[in-house]
Amino acid sequence: MSVHKVIKRVTTNTILSMKTNGEKVTMLTAYDFSTAKALDEAGIDVLLIGDSAANVFAGYETTLPITLDNMIYHASAVARGAKRALVLADLPFGEYQGTAEDAFKAAVRMMKESGVHALKLEGGIEIIDNIKKIIDAGIPVCGHLGLTPQSINKFGTFSVRAQEEAEAEKLKSDALALQQAGCFAIVLEKIPAKLAREVSESLNIPTVGIGAGNGCDGQVLVVNDMLGFTKDFKPKFLRQYMKMYENVVEAASQYAADVKSGNYPNESEQY
Ligand code: KIV
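Thresholds, definitions, all that
- Residues numbered from 1 in each chain as written.
- Predicted model: local features only at pLDDT ≥ 70, side-chain atom pairs only at ≥ 80, totals over all residues.
- Heavy atoms only, no water.
- Helix = DSSP H or I, 4+ residues; strand = E, 2+ residues; numbered from the N terminus.
- Rg over C-alpha atoms; globule rule 2.2 N^0.38 Å.
- Buried < 20%, exposed > 50% of the residue type's maximum accessible area, 1.4 Å probe, protein only.
- Contact = heavy atoms within 4.5 Å.
- Lys, Arg positive; Asp, Glu negative; His and termini not counted.
- Charge placed at Lys NZ, Arg CZ, Asp CG, Glu CD.
- Patch = residues over 30% accessible without salt bridge, like charges linked within 9 Å, V, L, I, M, F, W, Y side chains within 5 Å.
- Areas by Shrake-Rupley, 256 points an atom, 1.4 Å probe, with all protein chains shown as cover.
- Salt bridge = Lys/Arg side-chain N within 4 Å of Asp/Glu carboxyl O.
- Pairing = 2+ DSSP bridges.
- Right-handed = clockwise from strand over helix to strand, strands pointing away.
- Near = heavy atom within 4 Å.
- Polar contact = N/O pair within 3.5 Å; in protein donor to acceptor, adjacent residues only side chain to side chain.
- Nonpolar A, V, L, I, M, F, W, Y, C, P; charged D, E, K, R; others polar.

S.K.: Explain the overall build of the protein chain here, please?
M.R.: On a plain count of helices and strands, the protein chain comes out with 11 helices and eight strands. A compact globule built from 271 residues should have a C-alpha radius of gyration of about 18 Å, and the protein chain, at 20 Å, falls within 12% of that. The dimensions of the protein chain, computed from C-alpha atoms along their principal axes, are 65 × 55 × 35 Å. Each of the 271 residues in the protein chain was classed as buried or not, and the buried ones make up 46%. In the protein chain, of all internal contacts separated by at least 6 residues, the share reaching a separation of at least 24 is 59%. Across the protein chain, 28 positive and 33 negative side-chain charges occur, with their mean positions spaced 4 Å apart.

Given below as C-alpha cells:
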C-alpha cells in the first residue's frame, strides 16, 4: 500500500469559509522559494508576494520602483515553494491605475508567468472598474485599503490612516465597493482598531489586518519584520518572533573566524 500525504490547497473559497466559521486567516509575505517552503510547512494559509520586496529585498525606500518583471520573478519562486498555501501577488505601482485594459494585461501576465492564484491591488472606488475587469476574467482579487504604500507620495508619511471621519467614511464605502465588485478579501493596513473591527463586521468577505487590531478576520506581517531581520523596524503593531539579524551576524562571524583559523573545513567536511 502506498502512503501518500494528500495536501489540500487553500483556495479563495477556503478563505471565505474561514470567515463563516470564525477561523482567523494567517498571511505572511514571502519573496523566495526556500522561505515559501518553510512558511508553507508551518501551515500559513496565504503567502503574499508583497511589493514590500522593493523595501526588504531590494533596499528601496518605497515600493514604487519594483517592476512587473521583478514581481513575476519573486512570485514564480514562491509559487514553486508553496504546496498548500494560497499564493497571492501584488500588482506593482503603475500597472493597474490607468485603463482597465492595461490593468487586465498586467494581471494576465502575472497569472500566466508566475503561477500564483490571486492578485492584490491597492485602492477602492477609483480603480473599481479595473478590478471588475480582472475578476470578470476569472482572476481572484484581494483589495487593500488604509495605508496603501504605493500612494506614499500622496500621504507624505507612513502614519496611521483614516483617523478623521471623512477618510474613515471613504474607507467604509471603498470596502463595500470592493466586496460588491467580487473581491475575496481585503487587507486593512494601519488604521484604528475600532474602524477595522466595524468594517470587518459589516462585510461578508474576510479582512486581513496589519496594524489594524484584533477585530480583523486575519493578520498579515512582512516576514522579514516578524523574523527580526529588519531589526530596527519596530512599529507598535509588530511582534518579532525571532532575532534573525543578530543570529545571521553571529553565524557569519563564526564562519569567518572558522575559515580564518583553518578550523573549517575539518577532515569530515572534505572529500
Ligand atoms: O507589500 C506588502 O508586503 C503588503 C503587506 C504589508 C500587506 O502589502
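So, next bit.
S.K.: Any chance you could explain a nonpolar patch on the surface here in plain terms?
M.R.: A cluster of nonpolar side chains, namely Phe 229, Tyr 245, Val 248 and Val 249, defines an oily patch on the protein surface of about 310 Å² accessible area. Mapped onto the elements of the fold, Val 248 is located in helix H11 (residues 244-261). For Val 248, a relative accessible area of 37% corresponds to the partly exposed category.

S.K.: Looking at this structure, I do not really get the pairing of strand E2 (residues 46-49). What am I missing?
M.R.: Moving residue by residue along a regular strand, the side chains alternate between the two faces of the sheet. Both faces of E2 are covered, namely the face carrying Val 46 and Leu 48 and the face carrying Leu 47 and Ile 49. Pairing geometry for strand E1 (residues 25-29) and E2, over three bridges, is parallel. Bridge pairing in E2 places Thr 29 opposite Leu 48. The β-α-β motif built from E1, the intervening helix H2 (residues 33-41) and the parallel element E2 has right-handed crossover chirality. Judged from the four bridges that link them, E2 and strand E3 (residues 86-90) form a sheet pairing that is parallel. Looking across to E3, one finds that Leu 48 is bridged to Leu 88.

S.K.: In this structure, what is going on with the pairing of strand E8 (residues 218-221)? I would like to understand it.
M.R.: For E1 and E8, the ladder comprises four bridges, and the chain directions are parallel. Bridge pairing in E8 links Thr 26 to Gln 219. Sheet topology note: the strand E7 (residues 207-210)/E8 ladder contains two bridges and is parallel. Its bridge partner lying in E8, Val 208 is registered against Gly 218.

S.K.: Mind showing me how you'd approach the site of the ligand here?
M.R.: Taken together, 13 residues sit near the ligand, with Gly 50, Asp 51, Ser 52, Asp 90 and Lys 120 positioned nearest. Residue Ser 52 places a side-chain N or O atom 2.5 Å away from an oxygen atom belonging to the ligand. Residue Asp 90 places a side-chain N or O atom 3.2 Å away from an oxygen atom belonging to the ligand. Here the ligand loses 96% of its free accessible area of 260 Å² to cover by the protein chains. Broken down by class, the residue content of the shell around the ligand amounts to five nonpolar, four polar and four charged.

Honestly, it's all geometry; don't read function into it.
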